[in-house]
Structures are given as structure tokens and as C-alpha cells.
Amino acid sequence: MCGIAGVLTTREIKNNLEPLILRMQTALQHRGPDDQGIYISPNKQVAFAHTRLSIIDLSTAGHQPMSTPDGRYWITFNGEIYNFQELRNSLESQGEQFYSHTDTEVILKLYQRQGAECVNNLRGMFAFAIWDNQKQTCFIARDPLGIKPLYYWQSGSTLVFASEIRAILASKLPTIALNPQGLYGYLLSGTVPEPDTLIEGIRCLEAGHWLHWQADKLTQQQYWKINFTNETISLTEAKVKVRNALIDSIKNHFISDVPVGIFLSGGIDSSSVVALARQTQKGDLRTYSIAFEENEWNEGALAQRIAKEFDTHHTEYQVTASLGRELLPQFLASIDQPSIDGFNTFCVSQVAHKDGTKVVLSGLGGDEIFGGYKTFQQIPKMLRWGQQLQKIKPISTSLGRSLASWGKSPRLKRLGDFLQQKPTTVGAYRSFRGIFSQREAAKITQHYCKDSWTQPPIGEGGILQDINLTTNLPTLEDEVSVLELTCYMRNQLLRDSDVMSMANGLELRVPLVDRVLLEAIASIPSAMRLAPSKQLLIQAVSELPSWLLDRPKRGFFFPFQQWIDQEWSDYFPSHELSKDIDLKLWYRRWSLAILDHWLQQITG
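Right, let's walk through the structure included here. All figures in this text were calculated on a predicted structure; none of them were measured in a lab. (Residues numbered from 1 in each chain as written. Predicted model: local features only at pLDDT ≥ 70, side-chain atom pairs only at ≥ 80, totals over all residues. Heavy atoms only, no water.)

### Thoughts on the overall build of the protein
- Summing up its helical and strand segments, the protein has 23 helices and 17 strands in all.
- With the C-alpha coordinates of the protein rotated into their principal frame, the extents come out at 70 × 60 × 50 Å.
- Put simply, the protein has 604 residues, and 62% of those count as buried.
- Of the contacts formed within the protein by residues at least 6 apart in sequence, a portion of 72% connects residues at least 24 apart.
- A total accessible area of about 23,200 Å² is found for the protein, and carbon and sulfur atoms account for 49% of it.
- Taken as two groups, the 60 positive and 63 negative side-chain charges of the protein have centres that lie 5 Å from each other. (Helix = DSSP H or I, 4+ residues; strand = E, 2+ residues; numbered from the N terminus. Buried < 20%, exposed > 50% of the residue type's maximum accessible area, 1.4 Å probe, protein only. Contact = heavy atoms within 4.5 Å. Areas by Shrake-Rupley, 256 points an atom, 1.4 Å probe, with all protein chains shown as cover. Lys, Arg positive; Asp, Glu negative; His and termini not counted. Charge placed at Lys NZ, Arg CZ, Asp CG, Glu CD.)

Pasting the structure below:
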């Protein structure tokens with residue numbers, strides 16, 4: 001896991017590439033404290049930077065940017081390829097010679113033979129760029145599920161890319177201006193939906209896509225997307241299929257030349273990862289968790305019990321309101337883009353890092369692929385209700401407007417948005433998962449962007465407008481799963497996990513967010529795969545103790561409402577918009593306070 005950056009240009013900045021790329025590299029040093037490198041092509045048309053966190057082949061042979069022996073191809077790569085050894089064996093059988101034991105060199109040799117098609121053979125998380133000195137072209141790709149981030153900015157024939165937005169800004173090429181569309185999406189959902197960012201002109205390369213650059217031409221193509229299909233299968237067969245796929249993924253995610261730990265919250269997902277890790281890993285296994293002194297939020301004892309059950313070396317970190325307040329400045333400085341999440345990952349990553357661990361596994365993704373959220377039951381109910389009300393459309397529209405304007409709770413205001421439009425899965429999801437209503441988000445966007453933005457009609461703009469759910473998904477529940485995977489998980493959970501783990505020099509791996517795993521279980525009918533309370537996952541992981549399964553489901557939450565109202569109040573002061581918009585709920589206050597702190601940082 002590393003930080004990557006690059007500049008591709010045919011313009012006059014060619015003569016200023018070295019100081020420019022050095023600034024970008026410096027902005028990414030936290031992502032790769034073990035090594036760093038820069039490559040500038042002979043004609044000064046390309047500059048690559050890399051900062052390395054050494055995980056596979058710890059020797060100097062893993063130095064990046066890396067080239068083929070003839071110097072034609074150069075790569076800067078962030079991520080891990082778990083099937084690199086099989087790919088290497090195949091390439092060696094075809095006559096290829098290798099000079100390191102890295103997955104980076106495997107990607108380079110694979111691209112040399114297959115071009116853009118190489119991405120279809122890579123299992124793992126990745127964002128990389130490969131420069132071809134002969135053809136003067138650059139190929140940039142991001143992994144299928146969007147685990148690793150990749151941002152870019154284009155102006156004429158110049159393209160700048162990096163693992164984090166802060167590195168692109170460090171180049172001093174883009175003008176810093178808020179992107180109203182990205183801000184509106186952030187206010188609706190609590191995170192900025194790709195491909196937008198909060199900075200005008202900077203884009204996020206969407207998951208499962210690649211870019212091809214040549215002088216003044218930039219092309220983009222999607223190479224993979226999520227798809228669910230139904231096949232006839234018994235429950236017994238489904239359980240075996242899920243278990244085998246999980247064990248295979250977890251085994252692959254332990255491939256490393258340094259020890260691998262696990263984040264353990266005490267929930268079903270992380271406990272399943274620990275339980276199955278014990279099927280493939282022998283010896284010492286380290287786990288890490290967060291605990292609180294507030295009893296109603298504290299699940300530290302549960303994590304400890306799971307650790308004891310599976311014989312792990314467990315480290316618990318108790319976060320109090322005062323300790324959390326001490327950590328806030330570090331957390332705020334680590335933010336690449338605001339969201340309403342990330343503090344928990346920041347804290348537990350710091351624990352693992354201080355314990356000397358460089359790689360951890362997380363249970364992230366289990367709720368999205370095994371139906372762990374309330375959305376799987378509530379969205380279909382909302383749709384049925386909305387379809388019934390559509391039969392008396394003037395009344396439903398009028399009711400929607402009234403709720404959006406005068407609803408007494410944030411949820412009622414968002415429901416008002418839903419009732420004013422044609423009932424769709426996307427609309428119901430936006431309403432249920434939302435932070436601010438569309439009218440509220442528009443007012444806040446206007447406050448920050450003044451006259452540079454006009455509110456789109458209700459039901460359009462910001463979040464989800466480009467998601468196409470018309471690809472014949474078998475059920476509504478499958479549609480919800482796709483939305484959870486491509487919106488909440490990708491835009492918020494994965495993005496925050498990457499930034500906050502890397503802020504602590506830690507590589508975070510997500511074995512439940514794996515293309516091979518997802519493709520293996522995609523044909524299991526949603527009635528089984530998305531049965532309430534993740535029943536299929538529970539039945540597939542028979543090692544889970546009954547005392548864990550008998551507990552009511554609880555998400556992992558910090559006592560933010562209490563802390564923000566009391567010990568943290570100076571970081572979350574009353575906002576000037578509070579007289580017009582209800583900001584009592586912690587996540588609403590958080591979203592605006594974090595936005596303001598971030599704006600102060602980037603504008604200096």
C-alpha cells in the first residue's frame with residue numbers, strides 16, 4: 001500500500017516538473033514512510049512519484065516507480081494483488097524473467113503483454129499508472145470495487161493524478177474552488193459521491209474504470225460492474241459456496257511479508273473474519289478494538305470475548321471524550337475530503353500502528369452483500385407505499401411538499417422529497433440514507449457557493465443520478481445491495497478506511513470486498529443471500545458462538561451526540577445556518593463543522 005502521483009503534459013510546465021512532482025510526493029509521505037521515488041521521462045512529458053509502505057518484497061527491488069529492463073514501461077502502483085504469484089508463474093512459463101518478488105513487477109509484465117486487458121486478471125485492490133515511453137501514452141486504472149482511490153485533474157493536454165486530493169492541490173495547478181455539485185451530494189449523503197469531488201475540476205476515477213492518456217486526448221472505459229443473477233440452488237449448496245468463497249478470500253488477503261492483524265468490533269462480520277482466519281492461519285493472530293467508558297456504547301467486553309474464543313492476541317483501546325478531543329486535531333489534519341465517518345477507523349488504526357502492525361483485515365462489506373442493513377427491508381416497503389400513493393398523485397405530491405417544508409424531523413423532510421417524485425429504488429434509498437433533505441442541501445450549498453449554483457429539480461442532482469439500476473437485477477433487494485455497495489460502502493466506508501488507515505501508516509484490507517468472492521456468490525438468490533440478519537453468512541460460518549448470535553444487532557457507533565454537545569462543543573460550535581435548518585442531530589452538526597475545518601485547511 002502506497003501513495004502515487006503523476007503529471008502528464010505537453011505544455012510549458014514540462015520545464016518545471018521536478019519541483020512540482022516533489023511537492024506532490026511530499027503531500028503523500030504519510031502513505032509510504034518506508035521508501036520514495038520519482039521518475040521523469042527523458043522528454044519531460046511525464047513525471048511519476050511514489051511513496052512506499054513495504055508489504056511484499058521488503059528489499060530495494062520493490063522500489064518504485066519501477067520499469068521494465070528496457071526502460072520502455074514505467075509504473076507507479078498503490079495496492080496489493082493477491083493472485084500475483086499465480087500470474088507470475090504463468091508469465092514465467094511464457095518466458096518472462098523477473099528481477100523482484102513484487103506484485104508491482106507482475107502488473108508491469110502483464111500490461112506489456114495484454115495492454116488494458118490486464119486489469120481483468122488482477123485480484124486485489126489497486127490504483128496504478130503505466131507510462132509507455134515508445135508510444136507516449138499512459139494507462140491509469142482503479143480496482144473493480146473502488147477499494148483504492150484515484151483522483152485526477154485535466155486542463156487541456158495536462159493531466160494530474162494522485163491517491164489523494166491534497167497531492168493534486170499541492171501541485172498548485174488547479175484553482176481551489178468549491179464544486180457545488182459535489183457539495184450538494186455531500187450534504188445529501190454525508191460523503192461526496194464519485195465521480196465528483198468537493199474541488200471544481202478534480203474528479204474521482206470511478207471504480208472498475210480505466211483512463212488512457214495521449215497528448216490532448218483522454219478516454220475512459222468501464223471494464224467491470226456488479227451484477228446479480230439467480231440460479232436454482234439449495235440452502236445447503238449456498239452455505240457451502242459462501243463458506244468456500246469466504247475462506248478463499250481471507251486466505252488470499254493474508255498474503256504478506258509482514259504480520260497481518262484484524263480489526264475486531266465484536267459484530268458478526270469482523271467475528272466471521274477472525275473465525276475463518278483461524279481456519280487458514282496458525283500461530284499468533286493479533287486483533288484490535290475500540291471501547292468506551294459509556295456503557296450503552298461499549299462493546300469492548302464482547303470483542304474481548306470473541307478474541308478469547310478464537311485465541312487471538314487482543315489489544316483494546318478505550319476512547320474517552322477527553323482522549324477523543326485530544327485526537328481531533330490529528331484526525332482533522334488527516335481528512336482528504338469531509339464525510340460523517342472515519343474517526344473510528346482513525347482511532348483503531350492508531351492502535352494497530354503503535355503495536356507495530358502494518359497490515360490489518362476489516363469486516364467491512366458484510367452488511368452490503370449479506371443484507372445486514374435495515375434498508376433491505378425498508379426500501380421495498382417505501383416503494384410499495386409510494387406506488388400506492390402515486391395512484392392519487394396530486395395528494396402525494398402535495399403531502400410531499402408539506403413534509404419537505406414543514407416536517408418536524410429530518411427524516412420526514414427527506415420523505416417529503418421521495419413523495420414528490422416517481423417512486424424508484426434510487427429515490428427511496430436517497431431518502432432513507434440521507435443527511436439533509438434536498439431543499440435543505442440546496443440552501444446550504446447556496447450559502448457556501450453563493451451565485452455559482454442553481455438547485456436542480458427535486459429528485460435530481462448530487463447523489464445517485466448516474467446509477468443505472470435497469471440492468472435486469474432479479475429483485476428489489478438486489479437493487480438495494482448494488483446501491484449499498486456503490487454508494488455508502490464505496491463513497492464513504494472504503495474511502496474513509498483508506499485515508500484514515502494510511503494516515504497512520506497502515507494497510508487496511510477488506511476480504512469481504514473482493515471481486516472473486518462477489519462473483520462466486522452473485523448467483524445465489526436474494527431470498528437466501530440477503531435474508532434478514534445476515535442468516536446465510538451466519539450459517540456459513542459455523543464457528544460463530546451461539547451467545548454472539550443471540551444478541552440483537554447493533555451497529556458500531558461512537559457516543560458522538562453526547563460528546564459534541566459537551567466536551568467537544570468548541571470544535572462544533574453553533575452554525576449560522578442553525579436558525580433556518582435543524583442541526584440538533586450530531587451527524588448534521590458534524591457534516592458542517594468538518595466541512596468548515598477542511599475548507600480552512602485547504603485555503604490556508
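### Quick notes on the sheet that holds strand 2 (residues 35–40)
- Strands sit in the order 2-3-1-9-8-10 across an open sheet of six strands; the sheet is antiparallel. Strands at the two margins of the open sheet, each flanked by one partner only, are strand 2 and strand 10 (202–204). Adjacent strand axes in the sheet meet at a mean angle of 15 degrees, parallel and antiparallel pairs treated alike.
- Across five bridges, the pairing between strand 8 (residues 151–155) and strand 9 (residues 158–162) is antiparallel. In the sheet register, Tyr152 faces strand 9, and the bridge partner there is Phe161. (Pairing = 2+ DSSP bridges. Axes fitted to C-alpha atoms, helices over the stretch in contact; angles between N-to-C directions.)

### What to know about the packing of aromatic side chains
- For the structure shown, the criterion picks out 24 aromatic pairs.
- Look at Trp563 and Trp568: their rings are 5.1 Å apart centre to centre, the planes differ by 45 degrees, and that puts the pair in the tilted class.
- Taken together, the ring pairs connect Phe292, Phe331, Phe343, Phe346, Phe560, Trp563, Trp568, Phe572, Trp586, Tyr587 and Trp590 into an aromatic cluster.
- Over the aromatic face of Phe228 sits the side chain of Arg529, whose NZ or CZ is 3.9 Å from the ring centroid. (Phe/Tyr/Trp six-rings, centres within 6.5 Å; stacked < 30°, edge-to-face > 60°. Lys NZ or Arg CZ within 6 Å of the ring centre and 35° of its normal.)

### Here's the deal with empty space enclosed by the protein
- Taken as a whole, this structure holds nine cavities of 30 Å³ or more when the rule is applied.
- If you add up the space inside the largest cavity, you get close to 110 Å³.
- Around the largest cavity, the lining is made up of 16 residues, and of these Arg52, Ile56, Gln64, Asp103 and Thr104 lie nearest the centre.
- When residues in the lining of the largest cavity are grouped by element, the largest group, four residues, is from strand 5 (residues 73–81).
- Size it by volume and the second largest cavity reaches roughly 90 Å³.
- Around the second largest cavity, the lining residues are Tyr151, Phe331, Ile335, Asp336, Gln337, Pro338, Ser339, Asp341, Arg495, Asp496, Val499 and Met500.
- Among the elements that line the lining of the second largest cavity, the one with the most residues is helix 17 (residues 476–502), at four residues.
- Across the lining of the second largest cavity, the residue classes break down as six nonpolar, two polar and four charged. (1 Å grid on protein atoms, 1.4 Å probe; cavity = no way out; pocket = protein on both sides within 12 Å on 5 of 7 lines; lining within 4 Å. Points joined across faces, edges and corners; volume = space filled by probe spheres on them. Nonpolar A, V, L, I, M, F, W, Y, C, P; charged D, E, K, R; others polar.)

### Examining the state of the cysteines
- One pass over the full model with this rule turns up zero disulfides.
- Cys118 supplies the cysteine sulfur nearest to Cys138, a cysteine that is in no disulfide, at a spacing of 12 Å.
- Taking relative accessible area as the criterion, Cys138 reaches 0% and is therefore assigned buried.
- Note on Cys449: no disulfide assigned, nearest cysteine sulfur contributed by Cys204 at a separation of 19 Å.
- Cys449 sits in the buried class, given a relative accessible area of 7%. (Disulfide = S-S within 2.5 Å.)

### Description of unusual backbone geometry
- Cis geometry is found at the peptide bond from Gln64 to Pro65, where omega equals -5 degrees.
- When you line up the elements, Pro65 lands in the loop between strand 3 (46–52) and strand 4 (66–67).
- Cis geometry marks the peptide bond from Glu194 to Pro195, where omega comes out at 10 degrees.
- With a phi angle near 55 degrees, Lys44 is a residue other than glycine that sits in the positive phi range.
- Take Lys44: it is sitting in the loop between strand 2 and strand 3.
- Backbone geometry at Asp311 places phi at a positive 55 degrees, although glycine is not the residue there.
- Relative to the helices and strands, Asp311 resides in the loop between helix 8 (300–309) and strand 15 (313–318).
- With relative accessibility at 58%, the residue Asp311 sits in the exposed group.

These figures capture arrangement, not role.
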